[in-house]
Number of protein chains: 2
Amino acid sequence: MEIEKIEELIEEKEYVRANEALSTMNEADVTEILAACDPYKTLLLFRMLPKRLAAEVFSRFTPEQQLDIVSSVTSEELKDIVNELYFDDKVDLIEEMPANMVKKILSVTGEKERELINQFLNYPEDSAGSLMTIEYVDLKKHMTVRQALDRIKKTGMNKETIYTCYVTDAERRLEGIVSLRTLVTSDEDLVIGDIMEPDIVRVNTHDDQENVAHSFKKYGYLALPVIDNENRLTGIITVDDIIDIMEQEATEDFQRMAAMSPSEEAYLSTGVFAMAWQRLPWLLILMVSATFTGRIMGRYENILTQAVVLSAFIPMLMDTGGNSGSQTSTLVIRGLALGDITTRDWWKVIWKEMSVSFLVGVALAVTNFVRLLLLEKIETPIALTVSITIVVTVMAAKIVGGVLPLIAKLLKIDPAIMAGPLITTIVDALALMVYFVAATALLGL
Amino acid sequence: MEIEKIEELIEEKEYVRANEALSTMNEADVTEILAACDPYKTLLLFRMLPKRLAAEVFSRFTPEQQLDIVSSVTSEELKDIVNELYFDDKVDLIEEMPANMVKKILSVTGEKERELINQFLNYPEDSAGSLMTIEYVDLKKHMTVRQALDRIKKTGMNKETIYTCYVTDAERRLEGIVSLRTLVTSDEDLVIGDIMEPDIVRVNTHDDQENVAHSFKKYGYLALPVIDNENRLTGIITVDDIIDIMEQEATEDFQRMAAMSPSEEAYLSTGVFAMAWQRLPWLLILMVSATFTGRIMGRYENILTQAVVLSAFIPMLMDTGGNSGSQTSTLVIRGLALGDITTRDWWKVIWKEMSVSFLVGVALAVTNFVRLLLLEKIETPIALTVSITIVVTVMAAKIVGGVLPLIAKLLKIDPAIMAGPLITTIVDALALMVYFVAATALLGL
């Protein structure tokens with residue numbers, strides 16, 4: 001049934017018919033429909049959903065929506081939801097809920113699971129451990145393909161993925177992986193130890209999620225095993241979670257590069273004060289830094305008084321410098337994030353930026369020179385001063401824009417900070433100094 | 001074996017031992033090792049690889065490396081590689097190769113396949129059709145689970161994925177999907193028509209890749225079917241290809257937002273002239289636009305001559321305005337790209353930016369006012385002029401930064417163009433106008 005029709009049914013309070021339709025739909029669409037209702041109807045419809053679907057929908061809700069549900073349902077209902085959740089979603093839920101709700105949730109989970117949840121809560125934020133789940137298929141080396149398939153048939157429906165199976169020894173150490181593709185295309189009498197892949201790509205519980213995402217991209221796997229320092233298998237991470245992480249990492253970079261503290265919350269659901277707070281610190285820092293540029297203007301005040309026409313070119317020079325630097329820093333920051341550029345490429349970056357910036361700078365300067373002479377009828381010495389400043393500024397801006405992200409990477413600072421806004425502030429000062437020095441020399445001031 | 005050890009073997013020309021080691025490794029690592037060798041050794045080692053691995057490595061090479069291989073191997077060797085390639089990789093290869101190599105490649109493919117390749121080459125760039133492959137498992141409604149599993153066992157190793165199977169009728173119309181998870185956990189006598197999922201998420205051959213990526217993110221599937229306008233199944237797209245697309249789309253946005261033409265090529269492998277050409281047009285446009293700001297300076301020359309101290313604050317005002325606008329435009333552009341913000345959220349964005357910018361603007365202005373009075377010993381009227389300009393500029397910048405990406409979206413222009421550099425140019429002019437008007441009023445000039 002189409003989404004609009006169900007929304008109509010809900011509008012008309014035909015809840016039973018709406019529920020019948022929802023029960024046959026996929027969880028992403030159901031979540032979308034319920035999230036768009038008013039809270040009372042969301043809760044009502046949610047309680048009517050089949051258990052499994054309810055849990056899937058619940059795990060896709062925002063923390064605010066989850067809180068609404070958790071605080072409204074009975075213990076019995078909550079137990080049904082929590083039992084159906086995958087372990088990683090359980091841990092996420094507990095991380096997001098306020099203390100009294102955490103208590104309510106833990107009261108409906110078994111003791112063993114409570115211990116495991118506590119252990120998982122200790123993994124650092126943004127680490128592989130905080131992303132992984134425990135519902136994987138584990139097999140033993142001595143099993144035959146038939147035994148393995150039987151085991152999957154029995155337990156497979158409760159696993160996050162069954163497409164990659166993990167072969168472990170008695171101490172839970174990871175010995176190999178075998179894909180379901182290999183299992184279903186192999187002779188049923190073969191032994192797992194003979195068909196498994198022993199050369200396994202793995203990540204450590206404490207690896208950063210950015211590195212985990214790199215491994216997924218490089219190898220193209222659907223899931224990766226997570227091991228602890230003793231090489232014991234502690235969980236798996238699946239590709240769908242990594243897609244979210246990749247978006248989140250890119251969003252963080254976008255925000256840092258525009259001089260903001262990164263935030264995971266969506267624009268429309270972030271409060272006004274939180275948003276002001278996300279933006280203010282860097283604006284303050286950059287505002288105060290820009291006074292340094294102002295000092296340079298102050299120092300050369302006499303030149304501006306003598307040739308006030310020079311001031312008209314200052315915005316253009318500052319903007320061109322800033323834009324040139326932002327271009328380069330963006331390319332280098334993104335190259336570092338994707339692994340295309342490493343800190344060993346130092347000289348390649350500098351050399352490339354010197355060549356490119358020379359070409360670009362000269363092209364801009366010549367255009368500008370011709371325009372000033374012919375269209376604006378500016379005197380030659382002034383046009384020359386402006387044009388020389390353009391070449392020098394563009395070159396300086398592009399080299400600074402290329403080098404600063406690399407320095408940040410070496411110092412283990414996020415290179416995304418060395419983006420447009422900061423580069424612009426630095427380049428502004430450079431541009432003005434070059435401008436006034438050139439003016440002093442060429443105009444005899 | 002570790003990568004360093006194999007590199008040592010290659011260094012010592014122990015090619016046979018190196019090949020033995022490479023043959024047991026996974027294709028991503030082999031690609032990395034071969035790509036790092038000099039071209040002669042790459043070719044030599046590549047020709048020694050087992051067929052299947054060679055094809056996998058080949059499909060991961062850059063077009064330049066592929067060209068090296070294609071032009072060096074014999075027709076017989078080329079046939080082996082091309083036969084082993086997945087269909088989407090074949091189409092990509094032919095798209096990238098020069099005409100004479102395309103001829104060489106087509107001469108080793110069968111006639112039927114040549115026709116299909118031609119058809120696929122006609123799909124628009126960045127469309128679902130240009131991403132899909134044809135190696136999927138198709139099942140019929142009347143089959144039993146056992147028959148389906150038998151079919152997969154026979155043909156599964158040559159499919160891009162077997163984890164989602166597609167149920168089609170005699171006219172190749174898509175009737176449902178069934179996951180391998182469902183197949184292996186179901187009773188072997190059940191009929192596919194009874195266990196398949198008839199409510200299928202699908203994309204059309206002409207859908208844009210960005211929308212395809214959205215569907216993958218929303219539903220979390222491992223593969224999506226691609227249908228033509230007659231609802232016939234023409235191919236599938238798998239999640240690993242979508243991960244590349246997502247990175248590519250984010251990279252394009254980063255580049256556009258830093259005033260560059262987007263390019264798919266990696267930083268280090270882009271030539272100097274190509275790179276200058278990628279950067280020059282926008283720098284030129286912005287440079288010429290900035291002269292408008294210069295005109296405003298020129299118009300108020302007499303004010304600057306009378307109170308030359310005012311010029312010292314111009315860089316700070318311009319930068320603060322530009323940075324404020326960039327913050328907002330970045331959030332809105334990213335929100336639009338992720339689907340968090342739609343063009344219907346017009347008033348919400350304006351309202352949020354008005355509130356946030358008021359808070360941020362006042363905080364910046366107060367800090368600045370106090371600093372100017374106490375630390376810099378500036379006269380009160382001038383400090384007041386600067387501070388009022390900050391509030392007005394920050395508010396104007398944030399509203400412009402919020403609205404322009406939305407207008408772009410409505411006009412079907414990429415919102416990423418309405419980012420920092422363009423916003424800065426507009427806001428610079430605004431900031432100066434406000435500044436001079438405030439100065440005229442407050443300083444009695």
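Just so it is clear, the structure is predicted and the values come from calculations on it, not from any experiment. (Residues numbered from 1 in each chain as written. Chains lettered and ligands numbered in written order. Predicted model: local features only at pLDDT ≥ 70, side-chain atom pairs only at ≥ 80, totals over all residues.)

Draft legend 1. Spotlight on the overall build of chain A. A tally of regular secondary structure across chain A gives 22 helices and six strands. For chain A, the spread of C-alpha atoms along the principal axes amounts to about 90 × 60 × 40 Å. Expressed as a percentage of the 445 residues in chain A, the buried residues total 44%. Counted over contacts in chain A with a minimum sequence separation of 6, partners at least 24 positions apart contribute 68%. (Helix = DSSP H or I, 4+ residues; strand = E, 2+ residues; numbered from the N terminus. Buried ≥ 20, exposed ≤ 12 C-beta atoms within 10 Å, placed from the backbone. Contact = placed C-beta atoms within 7 Å.)

Draft legend 2. The arrangement of the packing of helix H19 (residues 314–338) of chain A against helix H20 (residues 346–375) of chain A in detail. All names here are of chain A. Contact geometry of H19 with H20 gives a least axis separation of 12 Å together with a crossing angle of 150°. Looking at the two axes, H19 sits roughly antiparallel to H20. Between H19 and H20 lies a crossing whose hand is right-handed. In this structure, H19 contributes Thr320, Ser324, Thr328 and Val332 to the contact, and H20 contributes Val349, Glu353, Ser357, Val360 and Leu364. Along the lines of polarity and charge, the residues of the contact of H19 with H20 split into four nonpolar, four polar and one charged. (Axes fitted to C-alpha atoms, helices over the stretch in contact; angles between N-to-C directions. Parallel < 35°, antiparallel > 145°, perpendicular 65-115°, else oblique. Left-handed = near helix turned anticlockwise from the far one by under 90°. Nonpolar A, V, L, I, M, F, W, Y, C, P; charged D, E, K, R; others polar.)

Draft legend 3. How the structure looks around the nonpolar core. With 206 residues, the main nonpolar core has A:Ile237 and B:Ile237 as its most contacted residues. Setting aside residues up to four positions removed in sequence, A:Ile237 forms contacts with A:Ala128, A:Leu131, A:Met132, A:Val212, A:Ala223, A:Leu224, A:Val226 and A:Ile242. A:Ala18, A:Ile33, A:Leu45 and A:Ile81 belong to the second-largest nonpolar core, a separate cluster that totals 22 residues. (Core = buried A, V, L, I, M, F, W, Y, C linked by C-beta atoms within 7 Å.)

Draft legend 4. A look at the relation of the copies chain B and chain A. Overlay of chain B on chain A (RMSD 0.2 Å): rotation 180°, translation along the axis 0.0 Å. The transformation relating the two chain copies, once decomposed into turn and shift, fits a two-fold axis. Nearest to the rotation axis, the C-alpha of B:Thr305 is located 3.0 Å from it, this being the minimum over chain B. With an isologous cut-off of 70% or more, the 99% of interface residues of chain B that recur at the interface of chain A puts this contact in the isologous class. (Least-squares fit on C-alpha atoms with pLDDT ≥ 70 in both.)

Draft legend 5. Just unusual backbone geometry, in detail. Residues and elements named next belong to chain B. Its identity as a non-glycine residue notwithstanding, Asp126 has a phi of 65°, on the positive side. On the secondary structure map, Asp126 appears in the loop between helix H10 (111–121) and helix H11 (128–131). Its identity is not glycine, yet Lys412 carries a phi of approximately 60°, on the positive side. Summarising the element assignment, Lys412 is placed in the loop between helix H21 (380–410) and helix H22 (420–443).

Draft legend 6. Structural detail: the pairing of strand S6 (residues 233–238) of chain B. Residue and element names in this part refer to chain B. Among the six residues in S6, six count as buried, and that is most of the element. Looking at chain direction, strand S5 (residues 223–227) and S6 are connected through five bridges and run antiparallel. What sits directly across from Pro225, in S6, is Ile236. As consecutive antiparallel partners, S5 and S6 are separated by five residues, and within that stretch Asn231 has a phi angle of approximately 70°, a positive value. (Pairing = 2+ DSSP bridges.)

Draft legend 7. How the structure looks around the sheet that holds strand S3 (residues 174–179) of chain B. Residues and elements named next belong to chain B. The strand order across the open sheet built from three strands is S1-S2-S3, with neighbouring strands paired in mixed fashion. At either margin of the open sheet sits one strand with a lone partner, and together these are strand S1 (137–139) and S3. Each strand of the sheet is rotated relative to its neighbour by a mean of 35°, with strand direction disregarded. Examined bridge by bridge, S1 and strand S2 (residues 164–168) share three bridges and lie parallel to one another. Looking across to S2, one finds that Val137 is bridged to Cys165.

Draft legend 8. Fine view of the interface of chain B and chain A. If you look at the interface, chain B gives 94 residues, while chain A gives 93 residues. At 16 residues, helix H19 (residues 314–338) of chain B tops the list of elements feeding residues into the side of chain B that touches chain A. Looking at the side of chain B that touches chain A residue by residue, the classes come out as 52 nonpolar, 26 polar and 16 charged.

Draft legend 9. The pairing of strand S5 (residues 223–227) of chain A, seen in detail. Residues and elements named next belong to chain A. Counting buried residues along S5, five of its five residues qualify, which places the element largely inside the surrounding structure. The sheet contact formed by strand S4 (residues 203–204) and S5 spans two bridges and is parallel. When the bridges of S5 are listed, Asn204 appears paired with Ile227.

Draft legend 10. Local environment of the confidence of the model for chain A. In the predicted model, chain A carries a mean pLDDT of 85, and 100% of its residues have values of at least 70. Interface scoring of the predicted complex returns ipTM 0.76; its pTM is 0.76. (pLDDT = per-residue confidence, 0-100.)

Draft legend 11. A look at helix H7 (residues 75–84) of chain B. Residues and elements named next belong to chain B. Among all positions of H7, only Leu78, Ile81 and Val82 are buried. The buried side chains of H7 occupy one side of the element, clustering within an arc of 95° when seen end-on. As for H7, its buried residues are in contact with helix H5 (51–60), helix H6 (63–72), helix H8 (87–96) and helix H9 (99–107). (Arc of directions from axis to C-beta.)

Draft legend 12. Inspection of the sheet that holds strand S6 (residues 233–238) of chain A at higher detail. Residue and element names in this part refer to chain A. As summarised here, the arrangement of the three strands in space is S4-S5-S6, forming an open sheet in which the pairing is mixed. Since the sheet does not close on itself, it has two edges, and those belong to S4 and S6, each with one partner. Packing of helix H15 (residues 209–219) onto the sheet brings it into contact with S4, S5 and S6, and relative to S5 it is tilted by some 140°. Sheet strands in contact with helix H16 (residues 239–257) are S5 and S6, and its direction is about 65° off that of S6.

Draft legend 13. Structural detail: the environment of B:Glu84. Residues and elements named next belong to chain B. Its location among the elements puts Glu84 in helix H7. When the 19 C-beta atoms within 10 Å are taken as the criterion, Glu84 is described as partly exposed. For Glu84 and Ala55, which are 29 residues apart along the polypeptide, the C-alpha to C-alpha distance reads 5.8 Å.

Draft legend 14. Molecular detail of H21(B). Residue and element names in this part refer to chain B. Compared with the 45 Å implied by 1.5 Å per residue over 31 residues, the 45 Å span of H21 between its first and last C-alpha is a close match. Taking burial as the measure, the 31 residues of H21 include 23 buried ones, the bulk of the element. Just downstream of H21 lies Lys412, where phi reads positive at about 60°. (Expected span 1.5 Å × (residues − 1).)

Draft legend 15. A look at the packing of helix H3 (residues 27–36) of chain A against helix H5 (residues 51–60) of chain A. Residues and elements named next belong to chain A. Contact pair H3 / H5: the axes reach a minimum separation of 9 Å and the direction vectors enclose 65°. Handedness of the crossing formed by H3 with H5: right-handed. From H3, Glu27, Ala28, Val30, Thr31 and Leu34 reach across to H5, where they touch Leu53, Glu56, Val57 and Arg60. Split by residue class, the contact of H3 with H5 holds five nonpolar, one polar and three charged.

Draft legend 16. Representation of the environment of B:Ser263 within the structure. Residues and elements named next belong to chain B. With respect to the helices and strands, the residue Ser263 is situated in the loop between helix H16 (239–257) and helix H17 (272–299). Classification of Ser263 by C-beta neighbours within 10 Å gives partly exposed; the count is 16. In this structure the C-alpha to C-alpha distance between Ser263 and Ile177, which are 86 residues apart in sequence, comes to 37 Å. Apart from the residues lying within four places of it in its own chain, the contact partners of Ser263 are Gln255, Thr270 and Gln278.

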